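Listed below are the residues making up each chain.
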Amino acid sequence: MSGPAAQLKGRAARLARLMPSRPSKAARTPFVLLVVVLLGGGLIMLLVLNSALNEGSFRLSELKKRTTELTDEQQALQRDVDSYSKPDALERRARELGMVPGGSPAFLGPDGKVRGVPSEATAEPTPTPARPRSTGTPAAGPGAGTASRTAARTPATPSGTTSPTAPAAPPATPPTPADQPPTSPGR
């Protein structure tokens, strides 16, 4: 008994027999492979996660740019609506369509009695804008442009129906978006 296990007695001798006498390389190889696989997998997952975050940030910047463009377009359209809603613009458009201001209104009270005296709406003479004179052709007189507009109108009777002697004018159609000029600069 010349070995180190022979010198130990009892429990220590039994434990010494269980342990190998020299270190084994076979026990370390699976552990090293496991650590390398875990580190490699972690790096690959980090690369995939970083790529997904970058893609999301590019998409977010594109959506913010599109939102800004749509907000600008919405504001331009709102300015157009506001300009068309002004009282003077509404009046001008109504006159272009052949409408005239209404007369005195009458009101129906809760007891069924008519209050006020209704009056017929009459067309006021509209001033015609001065046209520049060109050489060689005579200029139109102040009432030359209104004859065609007044002929198309039909006088209304107090009951709200058109008179049977004048033909009814076809209803004017509102302009289509293609007839209107572009509203925002650069578009």
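Everything quoted here is computed from the prediction, not taken from an experiment.

Participant: Would you take a moment to explain the overall build of the chain for this structure?
Facilitator: Per the secondary structure count, the chain includes 5 helices and 2 strands. When its helices and strands are written in sequence order, the chain yields α-α-α-α-β-β-α. The 187 residues of the chain split such that 4% are buried. Put simply, 27% of the contacts in the chain that link residues at least 6 apart link residues at least 24 apart.

Participant: Would you take a moment to explain the packing of helix α3 (residues 28-85) against helix α4 (residues 87-96) for this structure?
Facilitator: Geometry of a packed helix pair, given as the angle between the helix axes and the separation of the axes. At a closest axis distance of 5 Å, the pairing of α3 and α4 adopts a crossing angle of 70 degrees. It follows that α3 is roughly perpendicular to α4 by the angle criterion. Here α3 contributes S83, Y84 and S85 to the contact with α4, which in turn contributes P87, A89 and L90. Taken together, the residues that form the contact of α3 with α4 break down as 4 nonpolar, 2 polar and no charged.

Participant: Please clarify how the pattern of salt bridges should be interpreted in this entry.
Facilitator: Counted by the stated rule, this structure contains 5 salt bridges. Residue R66 is joined to E69 by a salt bridge in which the shortest nitrogen-to-oxygen separation is 3.7 Å. Linking R66 with E69, this pair stays in helix α3, spanning 3 residues, or about one helical turn. On the basis of relative accessible area, R66 is assigned to the partly exposed category, the value being 45%. The class of E69 is partly exposed, set by a relative accessible area of 35%. For the salt bridge of R95 with E91, the shortest nitrogen-to-oxygen distance reads 3.4 Å. Remark: E91 and R95 occur in helix α4; sequence separation between them is 4 residues, near one turn of the helix. We classify R95 as partly exposed; its relative accessible area is 25%. One network of salt bridges, in which partners are shared, links R92, R93 and E96.

Participant: Teacher, can you tell me more about a nonpolar patch on the surface here?
Facilitator: A cluster of nonpolar side chains, namely F31, V32, V35, V36 and L39, defines an oily patch on the protein surface of about 480 Å² accessible area. Relative to the assigned elements, V32 resides in helix α3.

Participant: Please clarify how the confidence of the model for the chain should be interpreted in this entry.
Facilitator: Any segment with low pLDDT has predicted coordinates that should not be analysed in fine detail. This prediction gives the chain a mean pLDDT of 73; 58% of its residues lie at or above 70. For the chain, the element scoring lowest by mean pLDDT is helix α5 (residues 146-152), at 42; α3 scores highest, at 95.

Participant: Can you help me understand the environment of S83 in this one?
Facilitator: Within the secondary structure, S83 sits in helix α3. You can call S83 partly exposed: its relative accessible area is 29%.

Calculation rules
Residues numbered from 1 in each chain as written. Predicted model: local features only at pLDDT ≥ 70, side-chain atom pairs only at ≥ 80, totals over all residues. Heavy atoms only, no water. Helix = DSSP H or I, 4+ residues; strand = E, 2+ residues; numbered from the N terminus. Buried < 20%, exposed > 50% of the residue type's maximum accessible area, 1.4 Å probe, protein only. Contact = heavy atoms within 4.5 Å. Axes fitted to C-alpha atoms, helices over the stretch in contact; angles between N-to-C directions. Parallel < 35°, antiparallel > 145°, perpendicular 65-115°, else oblique. Nonpolar A, V, L, I, M, F, W, Y, C, P; charged D, E, K, R; others polar. Salt bridge = Lys/Arg side-chain N within 4 Å of Asp/Glu carboxyl O. Patch = residues over 30% accessible without salt bridge, like charges linked within 9 Å, V, L, I, M, F, W, Y side chains within 5 Å. Areas by Shrake-Rupley, 256 points an atom, 1.4 Å probe, with all protein chains shown as cover. pLDDT = per-residue confidence, 0-100.

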